[in-house]
Number of protein chains: 4
Amino acid sequence: MAEPLDYPQSPPEQPANGAAQPTSCVIRVRFAETDQMGVAHHSVYPVWFEASRVEWMRVRGLSYREMEASGLSLAVSRLEVSYRSAAYFDDEIDVGSRLVSVRSRGLLFDYRLVRLDDDRLIATGVSEHVPTDRSGRAVRLPARWLEPLRRQ
Amino acid sequence: MAEPLDYPQSPPEQPANGAAQPTSCVIRVRFAETDQMGVAHHSVYPVWFEASRVEWMRVRGLSYREMEASGLSLAVSRLEVSYRSAAYFDDEIDVGSRLVSVRSRGLLFDYRLVRLDDDRLIATGVSEHVPTDRSGRAVRLPARWLEPLRRQ
Amino acid sequence: MAEPLDYPQSPPEQPANGAAQPTSCVIRVRFAETDQMGVAHHSVYPVWFEASRVEWMRVRGLSYREMEASGLSLAVSRLEVSYRSAAYFDDEIDVGSRLVSVRSRGLLFDYRLVRLDDDRLIATGVSEHVPTDRSGRAVRLPARWLEPLRRQ
Amino acid sequence: MAEPLDYPQSPPEQPANGAAQPTSCVIRVRFAETDQMGVAHHSVYPVWFEASRVEWMRVRGLSYREMEASGLSLAVSRLEVSYRSAAYFDDEIDVGSRLVSVRSRGLLFDYRLVRLDDDRLIATGVSEHVPTDRSGRAVRLPARWLEPLRRQ
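Residues numbered from 1 in each chain as written. Chains lettered and ligands numbered in written order. Predicted model: local features only at pLDDT ≥ 70, side-chain atom pairs only at ≥ 80, totals over all residues. Heavy atoms only, no water.

Participant: Describe unusual backbone geometry, and please don't skip the residues or the numbers.
Facilitator: With phi around 60°, Asp119 of chain C is a residue other than glycine that occupies positive phi space. With respect to the helices and strands, Asp119 of chain C occurs in the loop between β4 (106–115) and β5 (121–132). (Helix = DSSP H or I, 4+ residues; strand = E, 2+ residues; numbered from the N terminus.)

Here it is as structure tokens:
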């Protein structure tokens, strides 16, 4: 039913540089994250995406915590998740994230979740972000953040 | 940035009957659902979708609890959310859901979130579902559920 | 194993007035709140407590949203929950809350959760709160809030 | 306000062996775990406790996943948390857990949360558990689990 995202192929918007390199963030499925179907509930995946996105930035010397402290946020404007295989309690999942496109008014990340144990594809996803100020208004990403993000 | 979903227009797949009627489920944003940006965290919206979907079924005499008890689940295979305006702590949000298409192998719901206070559009979304058995295998929806869903 | 809280008896600290009257807040157990044991996960109960506490205030004309907007919070300093019976998906639970004691430096609420369907006691609990300012420092509750809380 | 738990002192019930050794589980505070006060929401701490408890077992060759698969659960019957200092987004927190007492009918864990960065005590807590079967009935812990737990 779910159409495969084009993650494995080279997306057209993708900058010809290191951003194509996904950053890994391994999470372990918590018991609290399961539901009565015995699998990780689908609403947890965006939380894992976020953890991996924050890691993507950290690895590149960009602290999302610092960005937030400066009054700037990357509000999520759109989210897409394709669920391929269930994730189970205690599974270790590699949550890969990539910055696919970056403009002063918007960023696009994509994600690829793979279970470490058996290399099974668990899910793919996309999130779009709008830089906002403390009051939630959309703003342009200042050069202090835009430049290093573009250089990735 | 976020492209509007076609919710307000009549989608082509929509059956020519009562399914087009969205079912309302009013939720109040919990404090625990906010994040440090001061808004409802984006991962909570799929939880609200789910609550409204369960209500959609209940209103039509279809108990999701009973479906689960019978060993049948509607696993989420795809999810899409467009965030339009922030939702704040204590806001009352009308979470409207509609069954857009139904086949024995898959269901499609869409959602429209509106703040009661000022009629502001908060978000739209879509979820695709695959009927599964207890072991998580995709199955055909039995007539006992398919027929009444089609009749909607 | 769990020792019963003294909820049903009149606790010594309880002011001799309307605060003794619990305020009801009916929640319905969400699918996302269940875990793979097939019951509402224990970490959700404090979220329900909070929803009921906010309702307790609202019913008395005290808006927690307004309190927060004024820069004042009621940080949780202690929490206790006794789990008596499992709560299941789709159960309607009456989450009763009472303000048991109020001082300028601290508040104590207690809770009693009962399933509507069969009047089964699901859980009891207690939360202690410290008024804090925006920076998280403990402060005295201003008269604007202390007085009406005491009058309850 | 919150009375200190006796974690640092030797509790009377504590078995004179390795169980006294807390097991560390370092978690990083997720953005989704913060609330609009700008701190980790208090309902997340029990989720961290649980993650550490599962780690405590794993380190000792006891898989909670396996226990669950065998139809046995450790249902939480009581929970207590004392919040000492706020935890912030992106903080790394050492969540230490210890098995304080073990009987065939009940287990008691305690917890101590310390921020790695500045060694600040974030919280302490206790959880009581009742072994249950698949239907949620309290059962005696079978020797296959009781023995190795006692030997800790």
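Additional details are given in the paragraphs that follow.
Participant: Before we move on, can you summarise the sheet that holds strand β3 (residues 92–103) of chain B with the specific residues and values?
Facilitator: Spatially, β1(A)-β3(A)-β4(A)-β5(A)-β2(A)-β2(B)-β5(B)-β4(B)-β3(B)-β1(B) is the arrangement adopted by the 10 strands of the open sheet, whose pairing is antiparallel. In this open sheet, the two strands that pair with only one neighbour each are β1 (26–28) of chain A together with β1 (26–28) of chain B. This sheet shows a mean twist of 25° between the axes of neighbouring strands, independent of strand direction. Alignment of strand β4 (residues 106–115) of chain B against strand β5 (residues 121–132) of chain B, held across eight bridges, turns out to be antiparallel. Across the sheet, the residue bridging to Leu113 of chain B is Ala123 of chain B, located in β5 of chain B. (Pairing = 2+ DSSP bridges. Axes fitted to C-alpha atoms, helices over the stretch in contact; angles between N-to-C directions.)

Participant: Which residues make up the relation of the copies chain B and chain A, and what values go with them?
Facilitator: Superposing chain B onto chain A requires a rotation of 180° together with a translation of 0.0 Å along the rotation axis, leaving an RMSD of 0.0 Å. What we have between these two chains is a two-fold relation. The rotation axis passes nearest to the C-alpha of Glu80 of chain B in chain B, at a distance of 2.2 Å. The residues that chain B uses at the interface reappear at the interface of chain A in 100% of cases, marking a shared surface. (Least-squares fit on C-alpha atoms with pLDDT ≥ 70 in both. Contact = heavy atoms within 4.5 Å.)

Participant: Outline the sheet that holds strand β2 (residues 73–83) of chain D, listing residues and values.
Facilitator: Taken in spatial order, the 10 strands make up an open sheet running β1(C)-β3(C)-β4(C)-β5(C)-β2(C)-β2(D)-β5(D)-β4(D)-β3(D)-β1(D), and their pairing is antiparallel. Each edge of the sheet is formed by a strand with only one pairing partner; in this case those strands are β1 (26–28) of chain C together with β1 (26–28) of chain D. Pairs of neighbouring strands in the sheet enclose a mean axial angle of 25°, with direction left out of account. Two strands pair when backbone bridges link them, and strand β3 (residues 92–103) of chain D and strand β4 (residues 106–115) of chain D are joined in this way by 10 bridges, in the antiparallel orientation. If you follow Leu99 of chain D over to β4 of chain D, its bridge partner there is Phe109 of chain D. Sitting on the sheet, helix α3 (residues 143–151) of chain C is in contact with β3 (92–103) and β4 of chain C, with an inclination near 115° to β3 of chain C. In this fold helix α3 (residues 143–151) of chain D packs onto β3 and β4 of chain D, with an angle of close to 115° to the strand it touches most, β3 of chain D.

Participant: Could you give me a rundown of the interface of chain B and chain A, with the residues and numbers involved?
Facilitator: Interfaces are often sized by the accessible area lost when the parts come together. Counting from both sides, the interface comprises 30 residues of chain B and, opposite them, 30 residues of chain A. Buried area between chain B and chain A, summed over both chains or domains, comes out near 2,400 Å², and the portion from carbon and sulfur atoms is 59%. Along the contact surface separating chain B from chain A lie two salt bridges. A salt bridge links Arg78 of chain B to Glu80 of chain A; the shortest N-O distance between them is 3.6 Å. Along the contact surface separating chain B from chain A lie eight residue pairs in polar contact (both at pLDDT 80 or more). Per element, the largest residue contribution to the side of chain B that touches chain A is 10 residues, and it comes from strand β2 (residues 73–83) of chain B. (Buried area = accessible area lost by both parts, 1.4 Å probe. Salt bridge = Lys/Arg side-chain N within 4 Å of Asp/Glu carboxyl O. Polar contact = N/O pair within 3.5 Å; in protein donor to acceptor, adjacent residues only side chain to side chain.)

Participant: Explain the packing of aromatic side chains to me, using residue names and the numbers behind them.
Facilitator: Per the counting criterion, the structure on display carries 28 aromatic pairs over all chains. Look at Tyr64 of chain A and Phe89 of chain D: their rings are 6.0 Å apart centre to centre, the planes differ by 80°, and that puts the pair in the edge-to-face class. Placement of the pair is Tyr64 of chain A in helix α2 (residues 64–69) and Phe89 of chain D in the loop between β2 and β3, with the two residues belonging to separate chains. Given the relative accessible area of 9%, Tyr64 of chain A is considered buried. Take Phe89 of chain D: its relative accessible area is 4%, and that puts it in the buried class. Relative to Phe89 of chain D, the ring of Phe31 of chain D lies with its centre 5.2 Å away and its plane at 85°, an arrangement referred to as edge-to-face. Placement of Phe31 of chain D in the loop between β1 and α1 (45–59) and of Phe89 of chain D in the loop between β2 and β3 is noted, with a sequence separation of 58 residues between them. Both residues of the pair, Phe31 of chain D and Phe89 of chain D, count as buried. (Phe/Tyr/Trp six-rings, centres within 6.5 Å; stacked < 30°, edge-to-face > 60°. Buried < 20%, exposed > 50% of the residue type's maximum accessible area, 1.4 Å probe, protein only.)

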